[in-house]
Amino acid sequence: MLRAAAAAAALAVALAGADEYPLKKGVHRITSFDGTGLNAISFVPDVASPPAGGFPVIVFINSWGVGSWEYVFPTEYLAKGGYVGVEYEARGFYLSGGTIGTASPLDVRDVSSVIDWTLAHFSALVAGNATKIGLGGISYGGGISLLAGGTDPRVTAVASMSGWKSLIDALWWQQAPSLFWGNFLIVAGEATGRLPDEVKQIFSDLMTYTNISYAISWGALRSPDRVLAQLNAAKMPILMVNNLEDNLFHANFQLDFWQQFEGPKKLISCQGTHAQCEAEGLRPDDPSQHVWVAADAWFNRFLKGAQNHIDASPLVSISMGDREDSTYYVNVDDWPPVDPVYGYAVKSFTATAPAGNATMGELHSGGPPVPASAASLAYSNDTKMSGGIPIFSPVLKPFIPILAPLRRLVPGREFVLASGRMNDTFRLCGNAEVDGLDIVANADRFQVMMYLYTYNEFSALPEDAKLVSHTPSGVWANATAGQPFRMPRFEFRTACVDVVPGRRLALGFNLFNALYEPANNSSDLRVEFRFGSDFVLNVPTVSAST
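The rules we used
Residues numbered from 1 in each chain as written. Predicted model: local features only at pLDDT ≥ 70, side-chain atom pairs only at ≥ 80, totals over all residues. Heavy atoms only, no water. Core = buried A, V, L, I, M, F, W, Y, C linked by side-chain atoms within 4.5 Å. Buried < 20%, exposed > 50% of the residue type's maximum accessible area, 1.4 Å probe, protein only. Helix = DSSP H or I, 4+ residues; strand = E, 2+ residues; numbered from the N terminus. Contact = heavy atoms within 4.5 Å. pLDDT = per-residue confidence, 0-100. Patch = residues over 30% accessible without salt bridge, like charges linked within 9 Å, V, L, I, M, F, W, Y side chains within 5 Å. Areas by Shrake-Rupley, 256 points an atom, 1.4 Å probe, with all protein chains shown as cover. Salt bridge = Lys/Arg side-chain N within 4 Å of Asp/Glu carboxyl O. Pairing = 2+ DSSP bridges.

Caption draft 1: Structural detail: the nonpolar core. Ranked by size, the top nonpolar core spans 102 residues in total, and within it Tyr 140, Ile 238, Leu 406 and Tyr 453 carry the most contacts. Take this core: its biggest share by element is 6 residues, from helix 3 (residues 105-121). Setting aside residues no more than four positions away along its own chain, Tyr 140 makes contact with Asn 62, Ser 63, Trp 64, Ala 90, Phe 93, Ile 100, Gly 101, Thr 102, Ala 103, Asp 107 and Trp 164. Met 422, Val 448, Ala 495 and Leu 511 belong to the second-largest nonpolar core, a separate cluster that totals 44 residues.

Here it is in structure tokens:
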């Protein structure tokens, strides 16, 4: 284990010897390729002549709904260390012209136009060096950075924070429309920019399973996985940062992207909600926030050739989610960490449904096959298990866990399957999965929500079950009322927690979660869950010493 604070301190020492330049700040109107004006701020070294080879360039792209002032302090900090730094508002937001492109090819071409302008406007500082260019951003800016990094051959390194791999996967994860976050993006886009009607229509179509093929193609054009081959061919150095409680751009997606990417790479997964970890480093009093120290070191390594070892082990750092000290990380060099040194293994569980009107069944680990069983639920938005309060619960989860009263669930609306007590500590780390679940519903459309908990049955607290992760799945097509339907494999959101002796795992089921638009919200909806020999819950683990 390694504390992120210690890692940040080590990197700070490596960077301490760098020159610190006086700065000149500018506010600019950059004309993009099609005449659209882009609002920008620059911080550059205020020197008569640059060092041999000129200063490298770093361009930051704004987050959705945030202005060009977003990266003032990181840009200033980097410029003092010898960079030409420019941050700008993407088209359609605030003072920039045009309409919001939602990471369209127009946005990607804007990045190239900003690079063109920067090289020309600061030609004396760049000194003809057009091969040392870094891109960075949070959320919207993180995704556009990846798209532009795979498109403009001049880009040398990328720091993508809280970005996405597939836009449709983010908004329609396992065909469960992201109700809360989708509405949040619509409202923020309308409040801070000029949001085209098409974007609102695409979101409405996802909510209602309308024109899905067009929505998928629209999203694919705006997804970094479409330029993965180009990024691999260029061996683009990419630093990725995400947050494990991000219910918009899930950590799952960046772990998947990280696995498929073949160039120099590093991934830091923090605790918190969307963009929380990196946003903490945007304050003027916190230049040493560890993900920004890592970004500084990443650019220094690949734009300046600094031998600071940022690209060395560990390549994946995942924050533990069950400690108040959320800077405590699991560190590995691959994902999944198949090297035996990390003790990677999968714990598998079969299931027995609760009997009659009971709300607690069983999870079995090992032993003989269990008989088939079933349990039924009715749709209701009044349930005890949930993903917590959007935004607030993920922010506070390291300090205030998201709890559920597993002994007081509502019969007929929700149930759980509980394991035996754990005899030894094991470290659950990665994406749990459920496969082999058969459903018989009284309608063609329905949804299933699952929740993974740890709990102590002997606790005096009525709500002792701590939410580890959750997963939704919407069924909009291919199922027939009254006929068995094999659910697609469920993937839980990435998590990393210790399960200590005496605690149990619990797998919860219901038909409603306020984060997602239900495929069917009729009070008449009934869903039977069938647990047979194919059903399995797979829980990834690593060594507790990792």
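From this point, things continue past the structure.
Caption draft 2: How the structure looks around the confidence of the model for the protein chain. In this model, the protein chain carries a mean pLDDT of 92, and residues with pLDDT of at least 70 account for 94%. Within the model, pLDDT remains below 50 along residues 1-17, and this stretch shows 33 contacts once partners closer than five positions in the same chain are excluded.

Caption draft 3: Structural context of a nonpolar patch on the surface. On the surface, Trp 69, Tyr 94 and Leu 95 cluster together into a nonpolar patch covering about 350 Å² of accessible area. Within the fold, Leu 95 resides in the loop between strand 5 (84-88) and helix 3. By relative accessible area, which is 58% here, Leu 95 ends up exposed.

Caption draft 4: Just the sheet that holds strand 16 (residues 373-378), in detail. If you walk across this open sheet you meet the 4 strands as 16-28-21-24, and the pairing is antiparallel. Both outer strands of the open sheet, strand 16 and strand 24 (485-486), are each paired with one neighbouring strand and no more. Relative to strand 28 (residues 526-531), strand 16 runs antiparallel, the two sharing 6 bridges. Considered in strand 28, the bridge of Ala 375 is made with Phe 529.

Caption draft 5: Expanded view of the pairing of strand 7 (residues 155-161). Along strand 7, 7 of the 7 residues are buried, which leaves the element largely enclosed by surrounding structure. Pairing between strand 6 (residues 133-138) and strand 7: 6 bridges, direction parallel. Considered in strand 7, the bridge of Ile 133 is made with Val 155. Note: strand 7 against strand 10 (residues 238-243), 4 bridges, orientation parallel. Opposite Ala 159, over in strand 10, you have Leu 239 as the bridge partner.

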